[in-house]
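Listed below are the residues making up each chain.
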Amino acid sequence: EAVAAEWMLEFACSCLCRHFAEQSGPEFWRWKDVAQALINGLSQIPPHQKKTVYLCQLLIRIAQGKSLGLQFENDQRISPLESALSFWTLLEREENKLDKLHEDIRRLIQIQIVAVHMENRYFKEAAEVLERLFTDTESDKPLRVKLATVVKAKDPYVPLLQSFSYSLLISKIKSYIKLSMKENETNFLIQEATKHVASQGLGATALLNRAVEVNENDKSDLESKQRFVLSITLLRAVLGQFYKLNVANFSSRYREARLRGRMHWCSLNNMQNVGKNEVSLACSRRRQRWTYKEDSELKLGIREFGVGNWAKILAHGNFNNRTSVMLKDRWRTLSKIK
């Protein structure tokens, strides 16, 4: 079971990487659920799978990096991108050789952590993040000074931030993914599924976008078939748990994170600049009545943080599965009633 779970996690990570690179929002979030379930099922991370786990967690956070109202850490000050930076640090420790791409990604994440706060007009928080991120080392000093000047000017559209944009960060992450996938072409489930599809004449080459060589001896190998059947059976079991919404075996923290993930899956699509109709359709869900308690929380948040600071109000308030957009719409409704 442990070996099969290992194959499935590698396969889920591979799918996550591919859909991130293709900017396929719905598929990315579907495989994010599977990968997260497998990771949560680990009592401890095996040394040889640390890189796989860290990469999955990095991609999930980068995809939702601009959603300041979303929390991955217990410390509410930590934004999704700052959480992503911690996993990038762990990934770098697993690398045999660090090159310019690694350094570029680290710097881009650091700059975008500050930039995203500034875009949301959280200038005080941007200054606090800057203090946390940059040490007093000589190598950090030039960038730290430049960013401090930018934060002080309170202008999120200065050339420095535009030169190190979020789209550039996504592009660099894609380059890293491409290298990682090339290193992990030996994924057992992909190899066995490719042979099976090819033997059935179902066009494996088109599915995987690469040449497929089928070994006739492997196809008849009983042990190989047994391993493949076991893997697919367990994978179906995991998928079945999600699509039946049977999450009783997962921790309450994971259930909450998964629900937040469904609320925010359109963040990845937003990076593609998809049409408004598509975003609206993708993010639509059942309407939920606002309670008196939620209205009180909203009014309290507005008194404390002011109208317009919806992400901050959401982060500090006690709301029932709401988004910052919902808070904004509800306040507009309450204002009309008043």
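Because the structure is predicted, anything quoted here is derived from the model rather than measured. Here the residue index of a chain counts from 1 through its sequence in written order. Under the rules for a predicted model, residues below a pLDDT of 70 receive no local features and side-chain atom pairs below 80 are neither given nor counted, while totals for whole chains, interfaces and linings still include all residues. As a rule here, side-chain values come from all non-hydrogen atoms in the structure, and water together with hydrogens is ignored.

**Q** Would you mind showing me how to read the packing of aromatic side chains here?
**A** We describe a pair of aromatic rings using the distance from one ring centre to the other and the angle between the two ring planes. Centres within 6.5 Å make a pair out of two Phe, Tyr or Trp rings, where for Trp the six-membered ring is used; the pair is then stacked when the planes are under 30 degrees apart, edge-to-face when over 60, and tilted otherwise. The final tally for this structure, using the stated rule, is seven aromatic pairs. Measuring from centroid to centroid gives 4.8 Å for Phe 28 and Trp 29, while their planes differ by 85 degrees, and the two rings are edge-to-face. Both residues of the pair, Phe 28 and Trp 29, belong to the buried class. Consider the rings of Tyr 54 and Phe 87, whose centres lie 6.2 Å apart with planes at 50 degrees: the pair is tilted. With Tyr 54 in helix α3 (residues 50-63) and Phe 87 in helix α4 (residues 80-94), this pair connects stretches of sequence that are 33 residues apart. Phe 87 carries the same exposure label as Tyr 54, and that label is buried. In this structure an aromatic cluster arises from ring pairing among Phe 20, Phe 28 and Trp 29. For a Lys NZ or an Arg CZ to count as sitting over a ring, it must be within 6 Å of the ring centre and within 35 degrees of the ring normal. A cation over a ring is seen here: Lys 312 above Tyr 122, with NZ or CZ 4.7 Å from the ring centre. Each residue is assigned to one of three classes by its accessible area relative to the maximum for its type, calculated with a 1.4 Å probe on protein chains only: buried under 20%, partly exposed between the two thresholds, exposed over 50%. Think of it this way: any DSSP run of H or I at least four residues long counts as a helix, any run of E at least two long counts as a strand, and we number them from the N terminus.

**Q** Any chance you could explain the side chain of His 117 here in plain terms?
**A** By secondary structure assignment, the location of His 117 is in helix α5 (residues 100-119). The class for His 117 is buried, based on a relative accessible area of 5%. Here His 117 is in contact with Leu 68, Ser 79, Tyr 122, Glu 125, Ala 126 and Val 129, once residues within four sequence places are set aside. Should any heavy atoms of two residues lie within 4.5 Å, those residues are considered in contact.

**Q** Is there a simple way to think about the pattern of salt bridges in this case?
**A** Opposite charge on two side chains lets them pair, provided their charged atoms get close. Criterion for a salt bridge: a side-chain nitrogen of Lys or Arg within 4 Å of a carboxyl oxygen of Asp or Glu. For the structure on display, the rule yields 15 salt bridges. Measuring nitrogen to oxygen at the nearest pair gives 3.6 Å for the salt bridge that ties Lys 32 to Asp 33. Each member of the pair, Lys 32 together with Asp 33, is buried. With its nearest N and O atoms 3.4 Å apart, the salt bridge here joins Asp 104 to Lys 172. A residue pair is termed long-range when its members are at least 10 positions apart, and Asp 104 in helix α5 and Lys 172 in helix α9 (residues 166-183) qualify at 68 residues. Given the relative accessible area of 18%, Asp 104 is considered buried. The exposure class of Lys 172 is partly exposed, given its relative accessible area of 25%.

**Q** Sorry if this is basic, but what is going on with the packing of helix α1 (residues 2-21) against α9 here?
**A** Each packed pair of helices is defined by two parameters, the angle between the axes and the distance between the axes. Lines fitted to C-alpha atoms define the axes, with helix axes restricted to the stretch in contact, and inter-axis angles between N-to-C directions lie between 0 and 180 degrees. In the contact formed by α1 and α9, the axes pass within 10 Å of each other and the chain directions differ by 145 degrees. Like other packed secondary-structure pairs, α1 and α9 cross with a definite hand, here left-handed. Mapping the contact onto sequence places Ser 14, Cys 17, Arg 18, Phe 20 and Ala 21 in α1 and Ile 170, Ile 173, Lys 174, Ile 177 and Met 181 in α9. Residue classes follow a fixed rule: Ala, Val, Leu, Ile, Met, Phe, Trp, Tyr, Cys and Pro count as nonpolar, while Asp, Glu, Lys and Arg count as charged, and any other residue, Gly among them, counts as polar. Considering only residue class, the contact of α1 with α9 consists of seven nonpolar, one polar and two charged. Two helices cross in a left-handed way if the nearer one is turned anticlockwise from the farther one by less than a right angle. They cross in a right-handed way if the turn is clockwise.

**Q** Is there a simple way to think about the nonpolar core in this case?
**A** Soluble, globular proteins show a tendency: their nonpolar side chains are buried together. Residues Phe 20, Leu 58, Ile 62, Leu 147 and Leu 169 are the most contacted members of the largest nonpolar core, which totals 70 residues. Looking at which element gives the most residues to this core, the answer is α1, with eleven residues. Those residues in contact with Ile 62 that lie beyond four places of it in its chain are Phe 20, Leu 81, Ala 84, Ile 109, Tyr 166, Leu 169 and Ile 170. Membership of the second largest hydrophobic core comes to ten residues, among which are Leu 298, Phe 319, Leu 327 and Leu 334. In these notes, a set of buried Ala, Val, Leu, Ile, Met, Phe, Trp, Tyr and Cys residues joined through side-chain atoms within 4.5 Å is what counts as a nonpolar core.

**Q** What is the right way to look at helix α2 (residues 25-40) in this model?
**A** In an α-helix, one turn spans 3.6 residues; hence positions three or four apart end up facing the same way. A helix is expected to span 1.5 Å for every residue after the first. Under the 1.5 Å per step criterion, the end-to-end length of α2 is 22 Å for 16 residues, consistent within 8% with the ideal 22 Å. For α2, the buried fraction is high: twelve of the 16 residues fall into the buried class. Those residues of α2 that fall on the buried side of the exposure criterion are Gly 25, Phe 28, Trp 29, Trp 31, Lys 32, Asp 33, Val 34, Ala 35, Gln 36, Ala 37, Leu 38 and Ile 39.

**Q** When you look at the packing of helix α17 (residues 292-305) against helix α19 (residues 324-337) in this model, what are you seeing that I'm missing?
**A** The contact between α17 and α19 brings their axes to 11 Å, and the two run at 95 degrees. With respect to each other, α17 and α19 are oriented roughly perpendicular. Residues Asp 295, Leu 298, Lys 299 and Ile 302 of α17 pack against Leu 327, Arg 330, Trp 331 and Leu 334 of α19. For the contact of α17 with α19, the class distribution of residues is five nonpolar, no polar and three charged. Oblique is the label for any angle not under 35 degrees, not over 145, and not in the 65 to 115 range, which are roughly parallel, roughly antiparallel and roughly perpendicular in turn.

**Q** Just to check I follow, could you spell out the confidence of the model for the protein chain for this structure?
**A** Should pLDDT be low for a region, the predicted coordinates there are not to be read in detail. A score from 0 to 100, pLDDT tells how confident the predictor is in each residue. Looking at the protein chain, the pLDDT average stands at 77 and 73% of residues meet or exceed 70. Of all helices and strands in the protein chain, the one with the weakest mean pLDDT is helix α16 (residues 276-282) (37), whereas α3 scores best (94). The low-confidence segment residues 204-220 (pLDDT under 50) makes 21 contacts with residues lying over four places distant or belonging to another chain.

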